[in-house]
Amino acid sequence: MTVTAGALDGVRILDLTQVMAGPYCTMLLADLGADVIKVESPEGGDQTRTSMGTPRPGSDTPAFHALNRNKRSVTLNLRTDADRAEFFRLVADADVVVENFRPGVTDRLGVGYEAVREVRPDIIYASISGFGQYGPYADRPGYDLIAQGMAGAVSVTGDPDGPPVKCGLPVGDLGAGMLCALSIAAAHVHRLRTGEGQYLETSLYEAVLAMSVWESVEYFAGGEPPQRLGSAHRMSAPYQVVRTKDGHATIAANNQRLWLRLCEALDLQHLADDERFATNTDRMGHRAELIALLEGRLAATSTEECVAQLLDAGVPSGPILDYGQILEHDPHARARGMVEEYDHPVDGRSRVVGFPVKLARTPARLRRHPPVLGEHNEELLGKGTELTPDDEAAGGSVTWTRHAVPGTDTYAAHLTLVNPDRRNALTLRMYDQLERACREIDADPDIRLTVLRGAGGRAFAAGTDIREFRDFSGEDGVAYERRVGLAVDRLAAMRMPVAAAVEGPAVGAGSALASCCDVVVCTPDAVFGAPIGRTLGNCLAPAMISRLYAGLGRARTLRSLLAARLITAKEAYESGFVADIVDPADLDTCLAELTADIARCAPLTLAALKEADRRVLAASAPGHAEDLYARVYGSRDFAEGVTAFLEKRKPEWEGR
């Protein structure tokens, strides 16, 4: 039998979705062979990359991995004309666009259906939302929990004498994703026949309501809203979970033939003659009594024995398995290909749940790892980390180049902070570029070492460019620290060693970046610290303070921070924060020797040592501090600190 590349091979999909419903839809299509290009904001991308679980620093969450395999990622800010033009360049070669913003958002961004159809008249454009594009609830937030509650699922889930309970699986999100994928495939078939594209939309609300088959039948037939039945079936009995001696089992005797077999298998033939249980209607009317009798019989029978007896008698039954048992040990899940493995450039060997449909001639395949943010920018947009006009206006950039290491078949990455007119102080755009550059470097298996340094030779990095802080609010401070945290954590999570070459000041953000590096080499004029107590009046992230503790010691770090004093190169060397102090004329030679030594080492050992070091530091990992960011960045003192810095005068603190 000939196996082709995939049923949807050659279909290109632009994926503007995030979180669950949309990404699940596009992942199913990608599994079937479609080329799915995930279009993400450069400011962190799909929010599931950092939420819905706790990733290790610099990694994406397992939740993101579970929903985004077989895709490529590009970063575009659709609020800018330049990036919107890039999006429409991609549209020209696309067959499908999928989005799951709130209704009206894509039109406001200029990338709605009508705008896209101007470029590609036969486009298939799909929207997923909480409640649909029109109707009284259309503008409400779309969350699975809310959809389950408003579409009836919560009202019928749980025990009869207990409170309403959400379905354990996100049926609204996943159901909407599946229905949208099915409809996209149908629209594609229509276009193949007629050449016509079309707009289609669905919602979490409708997905849940569409699954209410038995519940709607019960209401239409009897006029009464269905009630909670625990695990029982609405239309037949016994069809539910029952207790055994050591756990629980399922019994599905949902017709007369199976009911009689059940009675015989459990030596309960007298129940077959009991008028309370004569027919399915009778059994449903006396369900509680029936289950009590069955559980009384099974009280001395293990789950394994119960299931074996019933299956031998031809009665459908099974144990209740948890996900550990299923995903780790269940031979059927393995045989059916429902646990798949792949190699990820950042997270290594990983596992995901496989595709649930087996196509004989065009099987679904796991072709690509879940993409790192912007991994395919250069491939699809023709751009990497080069300086753009917006970057120039912002006054800085972060660039990297790949260099062969003499005497080896490996490479080193030279990562440079470029804002020399402001002593390489970082702008927000530079943080974004740094995060992206780290991902690009990590994706190159031949790179053994990254060397980070500042441009111009006068400074490593003199903090953040203070011009970025004009008119800041508390919310702006929280958003700023999140954005900076993405870049700093990503640098700390680099797969292979990172060396910092520090000339001159490495203060504020400069110290944060240096503390993320594995080896710091500096010149005698280097200084470290964050004298924000007498300059800006903002605060530091707990993660940065934790890293400084590890390198400089708690006492020295706190003295530096609380007294707003800088730490000299000699003090940093004595603390173990700096590995070597070298003359500026010898810095390049020192770095070349260090690069050559590291490049000769076993790559798995380098990666393992990095991971071991991360685990040691994680033992005392700090928590979040968004309340502190909001309080400090929203204060009058911070506004005064920024103004005074820019006006080159001493700030006048008020304490509020």
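Before reading further, recall that the structure is shown in the block above.
None of these values were measured; they are calculated from a predicted model. (Residues numbered from 1 in each chain as written. Predicted model: local features only at pLDDT ≥ 70, side-chain atom pairs only at ≥ 80, totals over all residues. Heavy atoms only, no water.)

## Quick look at the packing of helix H1 (residues 21–31) against helix H7 (residues 171–194)
For clarity, the cut-off: Only the stretch in contact is used when fitting a helix axis, every axis being a line fitted to C-alpha atoms; angles between N-to-C directions are given from 0 to 180 degrees. A run of DSSP states H or I qualifies as a helix once it reaches four residues; a run of E qualifies as a strand once it reaches two. Both are numbered from the N-terminal end. Each angle receives one of four descriptions, namely roughly parallel if under 35 degrees, roughly antiparallel if over 145, roughly perpendicular if within 65 to 115, and oblique otherwise. Should the near helix be turned counterclockwise from the far one by less than a right angle, the crossing is left-handed, whereas a clockwise turn marks it as right-handed. In this description, contact between two residues means that some pair of their heavy atoms is separated by no more than 4.5 Å. Each residue gets one label: Ala, Val, Leu, Ile, Met, Phe, Trp, Tyr, Cys and Pro are nonpolar, Asp, Glu, Lys and Arg are charged, and the others, such as Gly, are polar.
Closest axis-to-axis distance for the H1/H7 pair is 8 Å, and the angle between their directions is 45°. As summarised for this structure, H1 and H7 are arranged oblique, according to the angle between their axes. Where H1 crosses over H7, the handedness of that crossing is right-handed. For the pair formed by H1 and H7, the contact residues are Ala21, Tyr24, Cys25, Leu28 and Leu29 on the first element and Asp173, Leu174, Ala176, Gly177, Met178, Cys180, Ala181 and Ile184 on the second. Split by residue class, the contact of H1 with H7 holds eleven nonpolar, one polar and one charged.

## With respect to the packing of aromatic side chains
Ring pairs (aromatic) are described by centroid distance and by the angle formed between their planes. As a reminder of what qualifies: Aromatic contacts are taken between Phe, Tyr and Trp rings whose centres are within 6.5 Å, Trp giving its six-membered ring; a plane angle under 30 degrees counts as stacked, one over 60 as edge-to-face, and the others as tilted. By the criterion adopted, a ring carries a charge over it if an Arg CZ or a Lys NZ lies within 6 Å of its centre and within 35 degrees of its normal.
Applying the stated rule across the entire model yields twelve aromatic pairs. Measuring from centroid to centroid gives 5.9 Å for tyrosine 125 and tyrosine 199, while their planes differ by 35°, and the two rings are tilted. Of this pair, tyrosine 125 sits in strand E5 (residues 124–129) while tyrosine 199 sits in strand E6 (residues 198–203), and the two are 74 residues apart along the sequence. Site record: aromatic cluster; members linked through ring pairs are Tyr113, Tyr125 and Tyr199. Here the basic side chain of arginine 402 rests over the ring of tyrosine 411, its NZ or CZ set 3.7 Å away from the ring centre.

## Description of the sheet that holds strand E9 (residues 317–319)
Heads up, the condition is: Whether two strands pair depends on DSSP finding at least two bridges between them.
Across the sheet, which stays open at both edges, the three strands sit in the order E7-E8-E9 with antiparallel pairing between neighbours. Because the sheet does not close on itself, it has two edges, and the strands there are strand E7 (239–243) and E9. With direction set aside, neighbouring strand axes in the sheet form an average angle of 25°. In the packing of helix H13 (residues 287–298) onto the sheet, the strands contacted are E7 and strand E8 (248–252), and the crossing angle to E7 comes to about 45°. Across the face of the sheet, helix H14 (residues 303–312) comes into contact with E8 and E9 while running at roughly 160° to E9.

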